[in-house]
Amino acid sequence: MQTLIAALGAAALVSTSALAQSQNETAQAIFDQFAQDYPALNVTVMVEGEIAFEAEGGMMRGAQDGVTTDYNVYSTAKLLTGLAYARLEAHQGLDLDQSVRAIDPSLPAAYEDVTLRQLLSHTAGVRGYTGEDDWIAFSDRRCALPSDALGHFIHDPLIAEPGAAHAYTTYGFVLLSHILVELTNATSFDAAMSAALGEVYTAQSDSDGADKATAYYDAGEGLAPLPLSAECKFGGGGLIASSREMAQMGAAVADGSVLSAEEIHAAFTPIQTNAGETVSYVYGMEAGFDPSIGLHYAAHSGGSPGGRSFLMVYVEPQVVVATSANADGANHYPLALALADLYAGYSQ
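Before going into details, it helps to say that this report is about the structure given with it. Bear in mind the structure is a predicted one, so any value in this text is a computation, not a measurement.

Some remarks on the overall build of the protein chain
And then number 1: The helix and strand tally for the protein chain stands at nine helices and 14 strands.
And then number 2: Relative to a compact globule of 348 residues, whose C-alpha radius of gyration would be 20 Å, the protein chain shows 21 Å and is just as compact.
And then number 3: Its C-alpha atoms give the protein chain principal-axis dimensions of roughly 75 × 50 × 35 Å.
And then number 4: Within the span of the protein chain, comprising 348 residues, buried residues form 51% of the whole.
And then number 5: Taking all contacts inside the protein chain whose residues are at least 6 apart in sequence as the whole, residues at least 24 apart take part in 65%.
And then number 6: By element, 51% of the accessible surface of the protein chain is carried by carbon and sulfur atoms, the whole surface being about 14500 Å².
And then number 7: For the protein chain, the centre of its 12 positive side-chain charges and the centre of its 41 negative side-chain charges are spaced 5 Å apart.

Section: the pattern of salt bridges
And then number 1: Applying the stated criterion to the full structure yields 11 salt bridges.
And then number 2: Arg-117 is the salt-bridge partner of Asp-97, the closest N and O atoms lying 2.8 Å from each other. With Asp-97 in the loop between α2 (77-92) and α3 (116-120) and Arg-117 in helix α3, this residue pair connects regions lying 20 residues apart in the sequence.
And then number 3: Judged by its relative accessible area of 24%, Arg-117 falls in the partly exposed class.
And then number 4: Across the salt bridge formed by Asp-206 and Lys-212, the nearest N and O atoms sit 2.9 Å from each other.
And then number 5: Overlapping salt bridges, with partners in common, bring together Glu-89, Asp-97 and Arg-117 in one network.

Some points on the packing of aromatic side chains
And then number 1: Counting across every chain of the model gives eight aromatic pairs.
And then number 2: Look at Phe-189 and Phe-234: their rings are 5.9 Å apart centre to centre, the planes differ by 65°, and that puts the pair in the edge-to-face class. Pair noted here: Phe-189 is in helix α6 (residues 189-197) and Phe-234 is in the loop between β6 (223-225) and β7 (239-241), with a separation of 45 residues, a long-range link.
And then number 3: When its relative accessible area of 3% is taken as the criterion, Phe-234 is described as buried.
And then number 4: Every member of this aromatic cluster is reached through a ring pair, and the members are Tyr-129, Phe-138, Phe-153 and Tyr-171.

Scoring rules and cut-offs
Residues numbered from 1 in each chain as written. Predicted model: local features only at pLDDT ≥ 70, side-chain atom pairs only at ≥ 80, totals over all residues. Heavy atoms only, no water. Helix = DSSP H or I, 4+ residues; strand = E, 2+ residues; numbered from the N terminus. Rg over C-alpha atoms; globule rule 2.2 N^0.38 Å. Buried < 20%, exposed > 50% of the residue type's maximum accessible area, 1.4 Å probe, protein only. Contact = heavy atoms within 4.5 Å. Areas by Shrake-Rupley, 256 points an atom, 1.4 Å probe, with all protein chains shown as cover. Lys, Arg positive; Asp, Glu negative; His and termini not counted. Charge placed at Lys NZ, Arg CZ, Asp CG, Glu CD. Salt bridge = Lys/Arg side-chain N within 4 Å of Asp/Glu carboxyl O. Phe/Tyr/Trp six-rings, centres within 6.5 Å; stacked < 30°, edge-to-face > 60°.

Listed below in structure tokens is the structure:
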């Protein structure tokens, strides 16, 4: 009997190993299709807290490029900022429906009816970029704290009544970054994120001279290095992290380290605007629940000149996919979705 049990166990190990090899071969093929369009592209897949697959590719890879190198993650930072607020609400009783002026009375009077929840769901009426010149002007600013960035937009009129409509905005998350510093009495945005998320937070704010991958941009004459700093965007798009660090942060969401199952369900439930529009951008991320497979999920993309990223979190199967690249290009959603479905067993 012991021999039979041992034989069955060995067969199971072979079967599991063969399945993993097949998944990794499929994942590599999927990854290679995307990698050929980037100077450097990286992906980390984690299953139940362990790295299941990693790949590094691209047509102009440097020695410093890889899954442990920091890249500009741009708007994927919003997901991390949203998680910080979700945890403060769940664990410290933060009221997300309070006015932001209750936290910082020095904000303009127009913000009296703007709430934290509205900012997190892009329904506060804060404007987004008005065009390329506005993006460049904001990128050219230098900021030590989120409060240094507010002057670029805070006195502009709201584009809609708070709570009336969904309008995606990075500036709204710059304001949330400032409020987070105020709430935590932190000396920096990174310290504020650590105060909210603890050791889960392993990203860092961008700055001039930051140790990160070289960014590239094609101005019409081929890819060329693009010196840039997104430091004034803070939790709206100014963080740098590696694909492995992003995956580890996502894994902490999936395993309940950040929020309990009940808290995740509450946080990932879409909300409605005053006009009845359903908004799935909650807590800074595209999130929801698929009852047909019992899956809570959250995701966010990031992209701008010099970089692109994606973070996908499947909670119940604990599958996380994180990507990083050092040039803008096609949204990584198809790549992340294909890999997440593959390792969750949804693509079989």
